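If you want the building blocks of each chain, they are given just below.
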Amino acid sequence: MRAAGIGVIAMLTFSACGESNEQVIEIEATIDEIDLRDADAADPLPLSIVESELNMTMVNTSDVPQAVRYLRLEGEMLGLTFLTYTTRIAVELDPGETREVTVPLDFFDIDSQAHGYLRAKLALYAPGADRELLATEDFAVDVRGSVTSTMALFALLLFAATAGSIYLNLQGLARRTLPPNRFRRALRFAASGLGVGMLLTVAFSVLRIFPLPSVAWWPLVIVPTVLAFAAGYAAPGATDEIDVDELDDLRELDDTLTAVAAATAETELATPSEHADESDGSGDSGR
C-alpha cells in the first residue's frame, strides 16, 4: 500500500509537468461552430459519438517554414489522460502564412473513454520521430460517454480502494493492531487521505460540477494526505516487540523478585514459632 501511494504521487507529479516547447503557430479553432476559446470550465464543449467538424485557422509566426502533420485532441483529469483523438493532416506553412483547414472528427469510441467534464487541449505536431509540438489551444469538454467508460471505471476502482483502505485503518485502530512504528502508521493513513483527495477531484468531473485545473486539484489532493499522515502518526499502534536484551533483563528482575518473595515468606513463617517459644518459657518460670 505504501509503494502504491508513493507511485501514485510520483505519477501525478510527472503528469502535472506541462509541455515546455515554444509555440510557433497560432491557431483559432471551432468544433461544430463553437469557438474553443469560449468553451471554458463554466460552459464546456459537448462531445459525443456523433460526428463533428473542426474548422481551424493557422498562422505561422516563425521565420522558417513549418510542416503540420498531426492533430491531437486530449482530455485530462488529475493530470491523467482519459480522452485521446489523433488524426493526420498535411499542411505546409511559409513564414507569416495563414491557412484555413476543415477536419472531420469521428469520435466513434469516445463513449468508452470518458464520462463527464475534462480539461482538454488541441495540439498540432510536426512530422518526424520527435513530433515537435507546434501549437496548443486549451479548453474544456463535456464528454457524453458511458458509465462503463475507462474514466468511470477508474472512479469506481478508486472509490473501492479508498473505502477499503479507510476500513482497514479504522479496524486496526479499534483493535489496536496498527503497526508499532509511527511512520508506517502515518503512511497507511496518508494513502487513505490521498484516495479521499483524488476521489473529490474525480467527483468534480464525473458529476459534472467543474473540471478542476492543476492549481485547484493539487491542494485538494495534498491537504487530505497531509492531515491523514498526521492522524496516523498520532494514532495508537500495537505494542512494540520486546528486544532480546530487554527480555533477559526482565527475566533477571523476575527471578530477583521471586527470590525476595520466597525469603520474605520464610521469615514470616519463622517469626510465629519464635514468639511461641518465648511465651512457653515465660509460663514455666511463672510456676
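Before any of the text, the structure's been laid out above.
It should be emphasised that the depicted structure is a prediction, and the values quoted were computed from it without experimental measurement.

Rules used in this analysis
Residues numbered from 1 in each chain as written. Predicted model: local features only at pLDDT ≥ 70, side-chain atom pairs only at ≥ 80, totals over all residues. Heavy atoms only, no water. Helix = DSSP H or I, 4+ residues; strand = E, 2+ residues; numbered from the N terminus. Contact = heavy atoms within 4.5 Å. Areas by Shrake-Rupley, 256 points an atom, 1.4 Å probe, with all protein chains shown as cover. Expected span 1.5 Å × (residues − 1). Polar contact = N/O pair within 3.5 Å; in protein donor to acceptor, adjacent residues only side chain to side chain. Pairing = 2+ DSSP bridges. Buried < 20%, exposed > 50% of the residue type's maximum accessible area, 1.4 Å probe, protein only. Salt bridge = Lys/Arg side-chain N within 4 Å of Asp/Glu carboxyl O. Axes fitted to C-alpha atoms, helices over the stretch in contact; angles between N-to-C directions. Parallel < 35°, antiparallel > 145°, perpendicular 65-115°, else oblique. Left-handed = near helix turned anticlockwise from the far one by under 90°.

A.B. asks: Quick rundown of the overall build of the chain? Include the residues and the values.
C.D. replies: If you tally the helices and strands in the chain, you get 5 helices and 9 strands. Considering only residue pairs separated by 6 or more positions, the chain has 74% of its internal contacts joining residues 24 or more positions apart. When the accessible surface of the chain is split by element, carbon and sulfur atoms take 58% of a total near 16,600 Å².

A.B. asks: Give me the lowdown on helix α3 (residues 182–206), citing residues and values where you can.
C.D. replies: Because an α-helix completes one turn every 3.6 residues, residues spaced three or four positions apart along the sequence face the same direction. Between its first and last C-alpha, α3 extends 36 Å over 25 residues, near the 36 Å set by a 1.5 Å rise per residue. Between a side-chain oxygen at the N-terminus of α3 and the backbone nitrogen of Phe-183 the separation is 2.9 Å; the capping residue is Asn-181. Phi turns positive, to about 55°, at Arg-208, one or two residues after α3.

A.B. asks: Explain the sheet that holds strand β4 (residues 52–60) to me, and be specific about the residues and the numbers.
C.D. replies: Pairing within the open sheet is antiparallel, and its 4 strands lie in the order β2-β1-β4-β7. Looking along the sheet, the strands with just one partner apiece sit at the ends: β2 (34–35) and β7 (98–105). Note: β4 against β7, 8 bridges, orientation antiparallel. Of the residues in β7, the one forming a bridge with Leu-54 is Val-103.

A.B. asks: Kindly report on the pairing of strand β8 (residues 116–125), identifying the contributing residues and their values.
C.D. replies: Counting buried positions along β8 gives 9 out of 10 residues, so the element sits mostly inside the fold. Summarising the sheet, strand β5 (residues 66–77) and β8 pair through 7 bridges and their orientation is antiparallel. When the bridges of β8 are listed, Leu-73 appears paired with Leu-122.

A.B. asks: Pulling in residues and values, what's your account of the pairing of strand β1 (residues 25–31)?
C.D. replies: Of the two faces of β1, only the one carrying Ile-25, Ile-27, Ala-29 and Ile-31 is buried; Glu-26, Glu-28 and Thr-30 on the other face are not. In this structure, β1 lies alongside β4, joined through 7 bridges in antiparallel fashion. If you follow Thr-30 over to β4, its bridge partner there is Asn-55. Pairing of β1 with β2, which is carried by 2 bridges, proceeds in the antiparallel orientation. By the bridge assignment for β2, Thr-30 is matched with Asp-35.

A.B. asks: For the pattern of salt bridges, give the residues involved together with the corresponding values.
C.D. replies: In the structure shown here, the tally under the stated rule is 8 salt bridges. A salt bridge links Arg-72 to Glu-74; its shortest N-O distance comes to 2.6 Å. Overall, Glu-74 belongs to the buried group, its relative accessible area being 19%. When salt bridges that share partners are traced, they join Glu-28, Asp-35 and Arg-37 into one network.

A.B. asks: Please provide a residue-by-residue account of the sheet that holds β8, values included.
C.D. replies: Across the sheet, which stays open at both edges, the 5 strands sit in the order β3-β9-β8-β5-β6 with mixed pairing between neighbours. The outermost strands of the open sheet, each flanked by one partner alone, are β3 (45–47) and β6 (80–93). Across this sheet, the average inter-strand angle for adjacent strands is 30°, counted without regard to direction. Sheet topology places β3 next to strand β9 (residues 133–143); 3 bridges connect them, and they run parallel.

A.B. asks: Please set out the side chain of Asn-60 residue by residue, giving values where relevant.
C.D. replies: Positionally, Asn-60 belongs in strand β4. Judged by its relative accessible area of 1%, Asn-60 is buried. A distance of 3.0 Å separates a polar atom in the side chain of Asn-60 from the backbone oxygen of Asp-94. Setting aside its immediate chain neighbours within four residues, Asn-60 contacts Val-24, Ile-25, Pro-65, Gln-66, Leu-93, Asp-94, Pro-95, Gly-96 and Glu-97.

A.B. asks: Tell me about the packing of helix α2 (residues 150–175) against α3, residues and numbers included.
C.D. replies: Running from N to C, α2 and α3 point in directions that differ by 150°, and their axes come no closer than 9 Å. Judged on the interaxial angle alone, α3 and α2 are roughly antiparallel. The two elements α2 and α3 meet at a crossing, and its hand is left-handed. Residues Met-151, Phe-154, Ala-155, Leu-158, Phe-159, Thr-162, Ser-165, Ile-166, Leu-168 and Asn-169 of α2 form the contact with α3, whose participating residues are Arg-188, Phe-189, Ala-191, Ser-192, Gly-195, Val-196, Met-198, Leu-199, Val-202, Ser-205 and Val-206.

All quantities given are derived from atomic positions and should not be read as evidence of function.
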